[in-house]
Structure formats: C-alpha cells, structure tokens
Amino acid sequence: MTNSGPKLKILKCLKIIISSLFITVLLLFTVASIRTFSLDVNVGLQLAQWEKTSNISLVVDEHQREELLRNFKEAIRIPTVSFTETDINTTALLEFDKLLRKAFPTVFSSVLVRHELVANYSHLFWVQGSQPNLVPYMLLAHIDVVPASESDGWEAPPFSAEELDGFIYGRGTIDDKSPVMGILQALEYLLKKGYAPRRGFYIGLGHDEEVNGYKGAMNIVSVLKQRGVQLSFVLDEGLAILDGVISGLEGPAALIGISEKGSATVKLSVSMVPGHSSMPPRESSIGILAAAVKRLEDNPMPRLFGHGPERGTFEHLAHKFKLPMKFIMSNLWLFSSLLGRVLERKPDTNAFVRTTTAVTMFNAGVKVNVIPSLAEAYVNLRIHSSQSLQEVLDLVQSIVGDQRVKMELVSGFDPLPISSNDEKSFGFQIIKKTVLDNFPKVTVAPGICIGNTDSRHFRDLTSDIYRFAPVWFKPGDAQRFHGINERISKKNYEELIVFYFSLIQNCDIEKLPEPHSSVHEL
C-alpha cells in the first residue's frame, strides 16, 4: 500500500504529458490544415482594378516571322565568344554591332531613342518617356556567349542556327541572345506602330557577362552613375518557365529571380621540400591536399533551406501540389527541415538548400619520379542567401583543419540583396502581370538564381533587381544551358518578343493598384 501513492503520481504525470502532447499535435495539425486550404499567396493584384492603358496588340504576320527568325539566326551565327577576361572575340562583337543596326533600323533612327557604345562593344539605349516624373527602369541582356565545340556532341554545329523539329540550335539561343534580339525586336515593332512611352527606360547590352562583366556592365553602371540615374527596377536574364521540371507540380511555373547566390573561389595549396620518389615521406603535398579536399566534400555546408527566398518559392507553388506535398509546402514553418533533407538528395535541388562546394581544379607534379613541392586545388562555392562570404570562408578553414594547407581567396562576393516581391513591388508585379497576360495557365513565384548575372553590378542604381526571361524549360533543358545542344523553339522566341512588347507597355502606368483585399473587405 505504501508504494501505490508514488506509482499513481507517476501514472498521473504520464497521462498529463501524453494528453499535452496529443493536444499540441492536434493543435499543430489543425493550424497546418487550415493553412493548407486557405494559403493563397498568388491572388495578389490579379483581382484589383489596374490603371487603364491603351495597349497596342502585336500579331506577327508571316513576313515578319520570316524576318525576325532570319535576324535571330544571324545573331546566333556570330561567334561572340568570351574565353577569359582578356580573350574576347572583338571581331565578332563588331560584326554583331553591324547586325543590330541592320536588323533594327527604327530603333537606331528614332528621335525617342538615344544610343551609345560603352567600352567599345557594349550598347546602352535610352528610350525617352513623355512623363519625366516617372522613374525609369532597365532591361538587361548580354551579347557574349561561352565557348562551344561541335566535337562535344552537338546535334547541329553550335554556331549554325540550324533548325531541327521546330527548334533553332546554337550557342546563345537561350543564354542570352534571345532576350538581346527579343527586346530590340519588341521595341522596333512598338516604334513602327507609333508608340511613345510614358515611362522612360534603358536597355543595356553587355559584351563580357560570361567573364564577370567588368568592362561591359560595370562601365554602363559608371555612365549612369555619372548622370545621376536611379532606376525603379532592373530586369535581366536568370530564371525561366519550368514545365514538368518540378516533380509533383501541376502545370508550368514561372520563377522570377529576386536574388542571386554569392560566390567564392578559394585556392588551397600545400608546399613541401621536393624529393625523389624512391625515398617518399610519410605524407606528400598531394596527399595532404587530397585529404583536405576530401574533408570538404565529406562535410557539406550546413542545411539552410527555409532561411532564404527559396521558402517563398515553395509557398507560392504549394496550391499546385496534391496532398501530402501540398500540406508540407503550405507549412514550411513546420516542415522546412524535412523538405530540406529531401531536396539535398539531388544536385540540382541541393543548390537551393545550402552553400554548395565544388572542387574544380587540382594541380600538382611535373615528373613521375619527383615528389612535387607544391600542390594546388581550386574550390568554387555558391553562397546561400542566409550566409555571408566571411562565414563561408571561416567554415572552409575549420573543415580543412590543417595548418599546412594554405587558404587564399581568389575572388568572391556576398549573396545579392533580396528584391521586393510583395503587392507594393512595382517591378515584380509588372513582370508577374505580363507573364499572366501572355501565359494565363502559368503559376508565378519568386525564385533564387544559383548562378550570377550582369545585374549584380547595378545594386547602387536600384534596390529591385529581377532575373527572368520567358524561356520554356522542360526536363533536361537546364543541362543545355552552357552545355551541348542549346536550343529554343521558334514559337518560344516569338513569345519572348510578345512578352517584352507587352512589358514595356505595362510599365507605363503611374502606380500599382490597391490590393484587392484592402479594396473589398469581406
């Protein structure tokens, strides 16, 4: 009898704990369920009353179609390759200049357009608006491309612009000559139709984006700074329309990049006294460095999914998934860690989860019977939005954990600031509206660029930089980017032109409408 009292107390405590846990789980489940079926971050301004504008429509006839495709193919055939910062095909860039002037005569002759060359090969256009009080914006693209060789396995020569099954093949068809030619073609059509914008805008075409844009984009920025220019927003290349790429997502999704990952290139080196291979030391420079590199690969950077803009991406897309993924996506406050573990399993989605680590170069040795004095490795890191360059460098140093391994930062920069993307964000909402006007079945969401663009150089001119072009990506197409068989369909190129044709006109409103929810209180 004396022992029954404590036992009852323990049982009572256990019941209370179990009941509390049950109530907590039930409460969390209830909250998550309500959020799952009520969360809709996509309504935004779609139901609001937009300022009325008399937009000109564009219907491309057969003659125009032949002409625009001919000009685009000619652009692809010009090998404007950037090999390194000091090795750029300037002859091709001069040829491209001649093509632009021939293909878009109205752009180059209109009294509304001021054109100038920057750093000899980049182009800057200013299209004057009728209302100077409206803050201008900028459309960016780049002329140069990465190298390509037919021997790599191309189905068509990379600078042939050959047509296969309705697609135009060639280096630059996606990155980035379709926006270059598409923007100017849209402006050419608008000017021919007598269009005069209310809101002025710039078009910047860099010539060395593929080798960091230090001469092209940075000099364009310098010119605009000298003139005291501030921009409402910048739209550059970056993300695209994904169709069937995201497993489980119903329908295509247009992702508008609102930030870019940072970048760092780190050089690791080990120096030792050289020797003969017949009398090797217990550890060589190669062995020490190889072990350090292996530790970096075995110990990835921390999982950070949900701490950056990638969370907004999945919340915007949540309603397009079926259960149970819809339940998980709608409640990342609860499941971000779980989803992060799933996404990190594949290289293409792991890039959204953390700062990635890639060993890209390893150099050592000069002769088979000589133990080298120096071993070097280069590591490229793409930095997650919630980390800084210095944090990543400190982690690399800690993981390497060997004072014999010297670490040197070759180049690097922090992740780009996150651009606004709410209902008061002029640039984001205009781009979103233009996407939905042209592609009504597409779901629009903010996204993160895992690569870098010329737009990063424009941070001093605007706080809102977006990275998007309406290029359709189906499964496998992402590998064509900087890879073999880069291509775009003829239909998609025409869609790009119509998109920019609409975007320029949509920017002519003075301000965004009030959100629907604040206008119609239920």
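Look up a bit, the structure's there.
Chains are numbered independently. Their residues run from 1 in the order of the written sequence. Given that the model is predicted, a residue must reach a pLDDT of at least 70 before its local features are reported, and side-chain atom pairs must reach 80 or more before they are shown or counted; all residues, however, enter totals for whole chains, interfaces and linings. Heavy atoms from the whole structure form the basis of all side-chain values; hydrogens and water molecules are not counted.

K.L.:
Just give me the short version of the packing of helix H2 (residues 62–77) against helix H3 (residues 90–103), but keep the residues and values in it.
P.N.:
Lines fitted to the C-alpha atoms define the axes, with helices restricted to the stretch that makes contact. Angles between their N-to-C directions range from 0 to 180 degrees. Under the scheme used here, helices are H or I runs from DSSP no shorter than 4 residues and strands are E runs no shorter than 2 residues, and both carry numbers assigned from the N terminus. Two numbers describe how H2 lies on H3: the axes approach to 10 Å, and their chain directions differ by 175°. In terms of axis orientation, H2 runs roughly antiparallel to H3. Counted together, Asn-71, Glu-74 and Ala-75 of H2 and Phe-96, Leu-99, Lys-102 and Ala-103 of H3 form the full contact between these two elements. When grouped by side-chain class, the residues that make up the contact of H2 with H3 number four nonpolar, one polar and two charged. Orientation categories follow fixed angle ranges, with anything under 35 degrees roughly parallel, anything over 145 roughly antiparallel, 65 to 115 roughly perpendicular, and all other angles oblique. We call two residues in contact whenever any of their non-hydrogen atoms come within 4.5 Å of each other. All residues other than Ala, Val, Leu, Ile, Met, Phe, Trp, Tyr, Cys, Pro, Asp, Glu, Lys and Arg, Gly among them, are scored as polar; the first ten of these are nonpolar and the last four charged.

K.L.:
Describe unusual backbone geometry, listing the residues and the values that go with them.
P.N.:
Residue Asp-176 is reached from Asp-175 by a cis peptide bond, and omega for that bond is 10°. Across the junction of Leu-323 and Pro-324, the peptide omega takes the value 5°, indicating a cis bond. When you line up the elements, Pro-324 lands in the loop between helix H8 (310–317) and helix H9 (325–329). With phi around 55°, Ala-119 is a residue other than glycine that occupies positive phi space. When accessible area is computed with a 1.4 Å probe and restricted to protein chains, residues below 20% of their type maximum are described as buried, those above 50% as exposed, and intermediate ones as partly exposed. By relative accessible area, which is 30% here, Ala-119 ends up partly exposed. The phi torsion at His-482 lies on the positive side, around 65°, for a residue other than glycine. For His-482, the position within the fold is in the loop between strand E18 (465–473) and strand E19 (487–489).

K.L.:
Pulling in residues and values, what's your account of the pairing of strand E17 (residues 443–449)?
P.N.:
Counting buried residues in E17 gives seven out of seven residues, a clear majority hidden from the surface. In E17, alternate side chains face the same way, and those of Thr-443, Ala-445, Gly-447 and Cys-449 on one face and Val-444, Pro-446 and Ile-448 on the other are all buried. Should DSSP find at least two bridges between two strands, the strands are taken to pair. Taken together, the seven bridges between strand E10 (residues 253–260) and E17 define a ladder with parallel strand orientation. Within the sheet, the bridge partner assigned to Ala-253 lies in E17 and is Thr-443.

Scope: geometric values only; no functional claims are made or implied.
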